[in-house]
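Close look at the chain arrangement
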Amino acid sequence: MIKGRLHSIQTMGLLDGPGVRTVFFLQGCPLRCIYCHNPDSQRIGCGEEITVEDVLNTVKKYRPYYGNEGGVTFSGGEPLNQPEFLLEALKTLKREGFNTCIDTSGFGPPEYFEEILKYSDTVLLDIKSFSNTGYLEIAGVGNGIFNKFIKTVKNSSVSVIIRHVMVPGYTDNKSSMDKLINYISPIIKQVERVEILPFHKMGEEKYTELGLNYTLTDVPEMDKTRALGFEYYVNRVSGKFKRMEKMKKEVFDQVLVDKWMSESHLFKNLTKDERTNISKLIEFRRMNRGELIFKSFDRADRLFMVCNGKIKIYENTLDGKEQIMYIYSEREFIGGLNLLRDTDYIYNGECIEPGVIGVIRKEVFDTFLKDNPEVLLRILKMSFERIRLAEDMIRRLTTTSTDVKVAALLLKMIPEFGHPSGSSIILHLSMTREELGSLVGLTRETITRKLGELKDQGIIELESNKTIIIHDANKLREISEA
Ligand code: SF4
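What counts, and where the lines are drawn
Residues numbered from 1 in each chain as written. Predicted model: local features only at pLDDT ≥ 70, side-chain atom pairs only at ≥ 80, totals over all residues. Helix = DSSP H or I, 4+ residues; strand = E, 2+ residues; numbered from the N terminus. Rg over C-alpha atoms; globule rule 2.2 N^0.38 Å. Buried ≥ 20, exposed ≤ 12 C-beta atoms within 10 Å, placed from the backbone. Contact = placed C-beta atoms within 7 Å. Near = placed C-beta within 6 Å. Nonpolar A, V, L, I, M, F, W, Y, C, P; charged D, E, K, R; others polar. Core = buried A, V, L, I, M, F, W, Y, C linked by C-beta atoms within 7 Å. Domains from an automatic or database assignment. Pairing = 2+ DSSP bridges.

Quick look at the overall build of the chain now. Secondary structure summary: the chain contains 17 helices and 18 strands in total. For 482 residues, the compact-globule estimate of 2.2 N^0.38 gives 23 Å, and the chain sits close to it at 23 Å. Viewed in the frame of its principal axes, the chain has a C-alpha envelope of about 60 × 55 × 45 Å. Counting across all 482 residues of the chain, residues that qualify as buried make up 41%. In the chain, once contacts between residues fewer than 6 apart in sequence are set aside, the share between residues at least 24 apart is 74%.

Here it is as structure tokens:
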């Protein structure tokens, strides 16, 4: 049986292909992009083993969420670097009726390209540069293989979404954008739209942890508004502007109006008309893992609402450790009380699972509150519940038994991260072991050891780095109450 090597899984992604998708990030990449924010996914030959059957079993659980457009995406690392596994998985998924997508830089053994594309509905094609020299400078390899991939794409019927990471001083100019348009011209009929992704430095710390050299320390992050301006330019010139706008509108319509607003803690009791009116005052934007939404001492001049994805709230303790206080997910809001009290944030808020966030400015929110006093009551009620959560956390931190801490933590994760599967509960945690441990004041080593012990007792199963299956919640309850 062909086995793949997995870096991680995201079960309900919105950013890697059309609709809601389960994303398998495969381990290993032959490139060394200077801006790579996941250098831990580059090493070839490591990562967790996974079979095509594992993939199928996972995605079957999430099929009801995919709707007409969503499905399964293989990303990386570089998925083409595991061509046999990828091909087998795509074939199986197509046979089972799933929509498939690969998120690739176009580097892998060319003899597999045609077959792989035959079983892919969409390709998210990451273009590093527009010449051999540019590829060598940005990705550490020439563009020969990429050119072969683009030729194969041209001869296939796959739809393409182009992505380009824009780094200040490299391609943030009109002439580079013209070169990009020229570079994709052979496949332009298949291109849905072009996305310009602004360079950020969220992966910088990982380089230090891995003992790697990060060469962009002195390069500033890319200004998001400028990057958006270039995105508009490229899509307009290449005739994809309407599709780009449609996609942006779809994010808004799908996530906010149809689902999120009617379920959000703040707005669910408003009438449909009231919700439509307030939705016009909210600015929606995508957020990426590792993105800092706000930090301690920032002025709290806006309310953040999580439409999709997850945000961790944490502070750095005096000994330099990260202490996570809460994890906020769909339907929750952040900063309500700060807005009312006109105070600064005292914690940091960082995205741990990519998604969409709604932002509403204080002056707009104040006006809205005057007309909707019941929302004020809801903010106070939620704030009170959060005090209860903080008390809970203090109790967890001061409990001396690590067994009790870990069992209580897993139970606590169920409402936010759990999905029932037969008599078990699958926890898809969007956090590392270190982050998980931080919620109960344990080191990565200790929590890993304790989870291993629970696994040996058959109480849980460790499916992947971020997926835990609880087989015996009653036993966990017994331990947590001991
Ligand atoms: S292709 Fe992606 S995973 Fe590979 S080095 Fe570049 S950014 Fe990193």
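Residues in close proximity to the ligand include Cys29, Leu31, Arg32, Cys33, Cys36, Asn38, Ser41, Gln42, Gly76, Gly77, Glu78 and Ser105, which together make up its full environment. Taken together, the residues of the shell around the ligand sort by class into four nonpolar, six polar and two charged.

On to the nonpolar core, then. Membership of the largest hydrophobic core comes to 61 residues, with the highest contact counts inside it found for Phe24, Ala89, Val160, Ile162, Met166 and Leu180. Counting 53 residues, the second-largest nonpolar core is a separate cluster that includes Met305, Cys307, Val356 and Leu429.

Before going further, it helps to examine the domain arrangement of the chain. You can read the domains of the chain as domain 1 (3–239), domain 2 (253–397) and domain 3 (402–480). For domain 1 versus domain 2, the separation of C-alpha centres amounts to 31 Å. Every contact between the two is made by six residues of domain 1 and, on the other side, eight residues of domain 2. When its residues are assigned to classes, the side of domain 1 that touches domain 2 shows three nonpolar, three polar and no charged.

Tracing the sequence through the fold places Gly45 in the loop between strand E2 (21–26) and strand E3 (48–51). What makes Gly45 exposed here is the crowd of 7 C-beta atoms within 10 Å.

A large share of strand E11 (residues 302–316) lies buried, amounting to twelve of its 15 residues. In terms of strand pairing, E11 meets strand E14 (residues 348–361) through eleven bridges, oriented antiparallel. Considered in E14, the bridge of Ile311 is made with Cys351. Where E11 meets strand E13 (residues 333–334), two bridges bridge the pair, whose relative direction is antiparallel. Following the sheet pairing, Phe304 is matched in E13 by Ile334.

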